[in-house]
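# Observations on the model geometry
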Amino acid sequence: MLDLQDAMHSLQNASDLDLLRLSTAIGHLLRNPARIMAIRRHLHLGQEIEFWNTRDQRMQRGRIIAFKPDQLVVQTETPRLNWTIMYAAISIDPAAKPAQPPPERRPTRADFARGDSVSFEAQDLIARFGTIIRMNQKTATVATEDGMEWRVGYAALRRVVNV
């Protein structure tokens, strides 16, 4: 494990440009999709976690309420606040097995119809929004807002409600 005091002492003599370059490199490593996916395998909605609160500079407990491509949203009890944090801020035991989310009913073809507004998360972890334009036995074709068409399994689709 890195001795933080030794590292900070070594960095005292670094130039501002070198510190900026190091900060940028670390940021790229923390947002690496492979690292994010390795962490996400251990997580599910509603899970209790410990995370590093960068504002208070301490560990804090919370419950996962949403996933984003390179961050997640955690709700704390006292005070009841929502925090958007980086995946790297989560304390995960390296020996821990991937989390088993509570069993939930997976959507099927019967849950959707042509013209429904839906969302799904593509392989690049970016949420996409669109409309179902065609339905097959196992997949739906979704036309997204950017003009692309995606074939998506029904289990990956989420209904979008316009409010």
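Criteria and thresholds
Residues numbered from 1 in each chain as written. Predicted model: local features only at pLDDT ≥ 70, side-chain atom pairs only at ≥ 80, totals over all residues. Heavy atoms only, no water. Helix = DSSP H or I, 4+ residues; strand = E, 2+ residues; numbered from the N terminus. Buried < 20%, exposed > 50% of the residue type's maximum accessible area, 1.4 Å probe, protein only. Contact = heavy atoms within 4.5 Å. Phe/Tyr/Trp six-rings, centres within 6.5 Å; stacked < 30°, edge-to-face > 60°. Pairing = 2+ DSSP bridges. Axes fitted to C-alpha atoms, helices over the stretch in contact; angles between N-to-C directions. Core = buried A, V, L, I, M, F, W, Y, C linked by side-chain atoms within 4.5 Å. 1 Å grid on protein atoms, 1.4 Å probe; cavity = no way out; pocket = protein on both sides within 12 Å on 5 of 7 lines; lining within 4 Å. Points joined across faces, edges and corners; volume = space filled by probe spheres on them. Nonpolar A, V, L, I, M, F, W, Y, C, P; charged D, E, K, R; others polar. pLDDT = per-residue confidence, 0-100.

## A short note on the environment of threonine 54
- One can find threonine 54 in the loop between strand E1 (48-53) and strand E2 (58-67).
- On the basis of relative accessibility, which here comes to 57%, the residue threonine 54 falls in the exposed class.
- Taking the C-alpha atoms as reference points, threonine 54 and arginine 151, separated by 97 residues in sequence, lie 40 Å from one another.

## Quick notes on the side chain of threonine 141
- Examined against the element boundaries, threonine 141 turns out to sit in strand E7 (residues 139-144).
- Beyond its immediate sequence surroundings of up to four residues, threonine 141 is in contact with Thr131, Ile132, Ile133, Arg134, Glu149, Trp150 and Arg151.

## Concerning the packing of aromatic side chains
- In this structure the tally under the stated criterion is three aromatic pairs.
- On the basis of an interplanar angle of 50° and a centroid distance of 6.5 Å, the ring pair of phenylalanine 51 and tryptophan 83 is categorised as tilted. Of this pair, phenylalanine 51 sits in strand E1 while tryptophan 83 sits in strand E4 (residues 81-86); the two residues are 32 residues apart in sequence, bridging distant segments of the chain. Summarising the burial analysis for this pair, phenylalanine 51 and tryptophan 83 share the class buried.
- Ring geometry for phenylalanine 112 versus tyrosine 154: centroids 6.2 Å apart, planes at 20°, classification stacked. Note that phenylalanine 112 is positioned in the loop between E4 and strand E5 (117-121) and tyrosine 154 in the loop between strand E8 (149-153) and strand E9 (158-159), a separation of 42 residues in sequence.

## A closer look at the sheet that holds E4
- Within the open sheet, the four strands sit side by side as E1-E2-E3-E4. Their pairing is antiparallel. Because the sheet does not close on itself, it has two edges, and the strands there are E1 and E4. Going from strand to strand, the sheet's axes swing by 50° on average, the running direction of each strand aside.

## Structural notes on the nonpolar core
- Counting 13 residues, the largest nonpolar core has Leu43, Ile49, Phe51, Leu72, Val74, Ile85 and Ile90 as the members making the most contacts within it.
- Formed by eleven residues, the second largest nonpolar core is a distinct cluster that contains Phe112, Ala122, Val152 and Tyr154.

## Structural notes on the layout of surface pockets
- Taken as a whole, the largest pocket encloses approximately 1,000 Å³ of empty space.
- Residue assignment for the lining of the largest pocket shows that the elements contributing at least two residues are helix H3 (33-40), E2, E5 and strand E6 (127-135).
- For the lining of the largest pocket, a count of residues per class yields 18 nonpolar, two polar and six charged.
- Around the second largest pocket, the lining is made up of 13 residues, and of these Leu30, Trp52, Thr54, Ala88 and Ala89 lie nearest the centre.
- For the lining of the second largest pocket, the elements supplying multiple residues, two or more each, are helix H2 (16-30), E1 and E4.

## Quick look at the confidence of the model for the protein
- For the protein, the mean per-residue pLDDT works out to 87, and 91% of the residues sit at or above 70.
- Taken element by element, the predicted model of the protein shows its lowest mean pLDDT in helix H1 (residues 4-11) (82) and its highest in E7 (95).

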